[in-house]
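Report on the structure
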Amino acid sequence: MSKRDYYDVLGVTKNASEAEIKKAYRRLAMKYHPDRNTGDKAAAAEKNFKAVKEAYEILSDAQKRSAYDQFGHAGVDPSMGPGHAGSGDFSDIFGEVFGDIFGGGRGGGSKVNRGDDLGYNLELSLEDAVAGKTVKIKVPTKVTCKTCGGSGAKPGSQPTTCGTCGGTGQVRMQQGFFSVQQTCPSCHGKGFTINDPCKACHGRGWVQETKTLSVKVPPGVDTGDRIRLAGEGEAGANGGSPGDLYVQVSVKPHPIFTREDSHLYCEMPICFTTAALGGETEVPTLGGQIKLKIPEGTQTGKMFRIRGKGVKPVRGGPQGDLLCKVVVETPVKLTAKQRRLIEDLDQLLADDGSKHTPHSHGWLGRVRDFVGL
């Protein structure tokens, strides 16, 4: 089954900006996050979450996005070989496909190759993302074998120049009028063979280890942000430099707040007496509770802005605000006495006409006009 187009997965156009891609990813990641989808919806949500994450990882990286735009999924599929996005560019693909025929193959002697980059998904609470913190992570990776220094040969011995190709990693074959150059079948393009392999790494030159790293998360990061740890990727081949580790940030849903760029939003329920008479209520912020004055006659949907109680953006700029949307709560489970008091209040309000409920009476007037009464 063919994979969906990454732009379609995120719901953006092919000329979408980096900011548009990030915003689309953040919205869909929150929608399909496993913590927000349980029961019958869990399996479908998890599948969509993985698809959205995969699309963002490609389209948020300029090099991978360019490869995808040119070659589609084949340009970023690791199973397509060394020319996939993240480990090479078009010249790598060209050399892989045509190198054996035109003599431009990649197996030239002991070629030094940079190690692959690695990715790590780091989930943070909203509090930690806003305040920043140092996190310890464990990353499985390939590291240069300390026993043999990456040569793959047993200590005290050395790799031997391949007798078939003379160390070039390639052999030339004559076919009629054409001279065809191919990867050496004896050393597989390395240019050398190991007669006495290192016992620690079995001749590979690297071993699998789990590294514990400290990641300094700057204040203000958000879902989709990446932190680069230079040189913490996989070991390079034949003494090449190691790759980098990219830590992908994902902020977990919060029980009270939602975030939009530098602003925080929450819904604030208040009782109908406070809404009618006015008063004070306590509002939670990431820095502790504060008191908010509620004016009399406050309606559901009223938005209160508390300046400077949002997020300080990681890339600079003013601190955002906290926006609290009022939801007036209708009392439930009334006693007989409470019901009589509300009925009396309702009668008193009705006797005064529309001055206490102008929005309700205005709406009813528009309804009568609409139906022709």
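Rules and cut-offs
- Residues numbered from 1 in each chain as written.
- Predicted model: local features only at pLDDT ≥ 70, side-chain atom pairs only at ≥ 80, totals over all residues.
- Heavy atoms only, no water.
- Salt bridge = Lys/Arg side-chain N within 4 Å of Asp/Glu carboxyl O.
- Buried < 20%, exposed > 50% of the residue type's maximum accessible area, 1.4 Å probe, protein only.
- Axes fitted to C-alpha atoms, helices over the stretch in contact; angles between N-to-C directions.
- Helix = DSSP H or I, 4+ residues; strand = E, 2+ residues; numbered from the N terminus.
- Parallel < 35°, antiparallel > 145°, perpendicular 65-115°, else oblique.
- Contact = heavy atoms within 4.5 Å.
- Nonpolar A, V, L, I, M, F, W, Y, C, P; charged D, E, K, R; others polar.
- Pairing = 2+ DSSP bridges.
- pLDDT = per-residue confidence, 0-100.
- Arc of directions from axis to C-beta.
- Polar contact = N/O pair within 3.5 Å; in protein donor to acceptor, adjacent residues only side chain to side chain.
- Disulfide = S-S within 2.5 Å.
- Patch = residues over 30% accessible without salt bridge, like charges linked within 9 Å, V, L, I, M, F, W, Y side chains within 5 Å.
- Areas by Shrake-Rupley, 256 points an atom, 1.4 Å probe, with all protein chains shown as cover.
- Core = buried A, V, L, I, M, F, W, Y, C linked by side-chain atoms within 4.5 Å.

Turning our attention to the pattern of salt bridges. Under the criterion given, the structure shown has 14 salt bridges. Note that Glu 282 and Lys 291 form a salt bridge whose closest N and O atoms lie 3.7 Å from each other. With relative accessibility at 55%, the residue Lys 291 sits in the exposed group. Because the salt bridges share partners, they merge into one network encompassing Arg 26, Asp 222, Arg 259 and Asp 261.

Orientation of helix 3 (residues 42–59) relative to helix 4 (residues 62–71), taken along the N-to-C sense of each, is 100°, at an axis distance of 6 Å. Compared by their axis directions, helix 3 and helix 4 come out roughly perpendicular. Contact with helix 3, carried on its side by Glu 57, Ile 58 and Leu 59, involves Lys 64, Arg 65 and Tyr 68 of helix 4 and no other residues of that element. Considered class by class, the residues forming the contact of helix 3 with helix 4 number three nonpolar, no polar and three charged.

Hydrogen bonding along the main chain pairs the strands of a sheet, whether they run parallel or antiparallel. Taken together, the four strands give an open sheet; going across it, the order is 10-11-15-14, and neighbouring strands pair in mixed fashion. Bordering the open sheet on either side are strand 10 (258–260) and strand 14 (303–306), each of which pairs with just one other strand. The average angle at which neighbouring strand axes cross in this sheet is 30°, direction not considered.

Moving on to the sheet that holds strand 8 (residues 226–229). Strand order in the open sheet formed by three strands is 1-9-8, and the pairing between neighbours is mixed. Pairing within the sheet leaves two strands with one partner each, and these edge strands are strand 1 (118–124) and strand 8. Recorded for the sheet is a direction-independent mean angle of 25° between the axes of neighbouring strands. Alignment of strand 8 against strand 9 (residues 245–251), held across four bridges, turns out to be antiparallel.

What follows deals with the confidence of the model for the protein chain. On average, residues of the protein chain score 80 in pLDDT, and 82% of them reach the 70 mark or higher. Taken element by element, the predicted model of the protein chain shows its lowest mean pLDDT in helix 5 (residues 90–102) (37) and its highest in strand 14 (93). pLDDT under 50 marks residues 80–109. Its contacts with residues more than four places away, or in other chains, come to 55 contacts.

The next thing to look at is helix 4. Within helix 4, burial applies to Arg 65, Ala 67 and Tyr 68. Projection of helix 4 onto a plane perpendicular to its axis shows the buried side chains occupying an angular sector of 160°, all on one side. For helix 4, the exposed residues set more than 90 degrees away from the buried face come down to Ala 62 and Gln 70. In this structure, the buried residues of helix 4 make contact with helix 1 (6–10), helix 2 (18–32) and helix 3. Among the residues of helix 4, the N-terminal cap falls to Asp 61, whose side-chain oxygen and the backbone nitrogen of Gln 63 are separated by 3.0 Å. Immediately downstream of helix 4, the backbone of Gly 72 shows phi near 70°, a positive value.

For Asp 261, which is not a glycine, the phi torsion comes out positive at approximately 55°. For Asp 261, the location among the structural elements is in the loop between strand 10 and strand 11 (263–271). A positive phi angle, close to 55°, is found at Lys 333, a residue other than glycine. Within the element layout of this structure, Lys 333 appears in the loop between strand 15 (322–329) and helix 8 (336–351). Judged by relative accessible area, which is 82%, Lys 333 ranks as exposed.

Across all of its chains, the model carries zero disulfides by this definition. Not part of a disulfide, Cys 162 finds its nearest cysteine sulfur in Cys 165, a span of 3.7 Å. No disulfide involves Cys 198; its nearest neighbouring cysteine sulfur is the one of Cys 201, lying 3.9 Å away. For Cys 198, a relative accessible area of 1% gives the class buried.

A few words now on a nonpolar patch on the surface. On the surface, a cluster of nonpolar side chains totalling about 350 Å² of accessible area is made up of Phe 272, Leu 334, Ile 342, Leu 345 and Leu 349. Of the residues forming the nonpolar patch, the biggest block, three residues, is contributed by helix 8. One can find Phe 272 in helix 7 (residues 272–277). Judged by its relative accessible area of 33%, Phe 272 falls in the partly exposed class.

Formed by 34 residues in total, the largest nonpolar core has its most connected members in Leu 124, Ile 137, Val 217, Leu 245, Val 247, Met 268 and Leu 322. Contacts of Val 247, omitting those with residues within four sequence positions, involve Tyr 120, Leu 122, Ile 137, Val 215, Asp 225, Arg 226, Ile 227 and Leu 229.

Right, let's talk about the pairing of strand 9 for a bit. Counting buried positions along strand 9 gives six out of seven residues, so the element sits mostly inside the fold. Alignment of strand 1 against strand 9, held across seven bridges, turns out to be parallel. Counted as the bridge partner of Gly 119 is Tyr 246 from strand 9.

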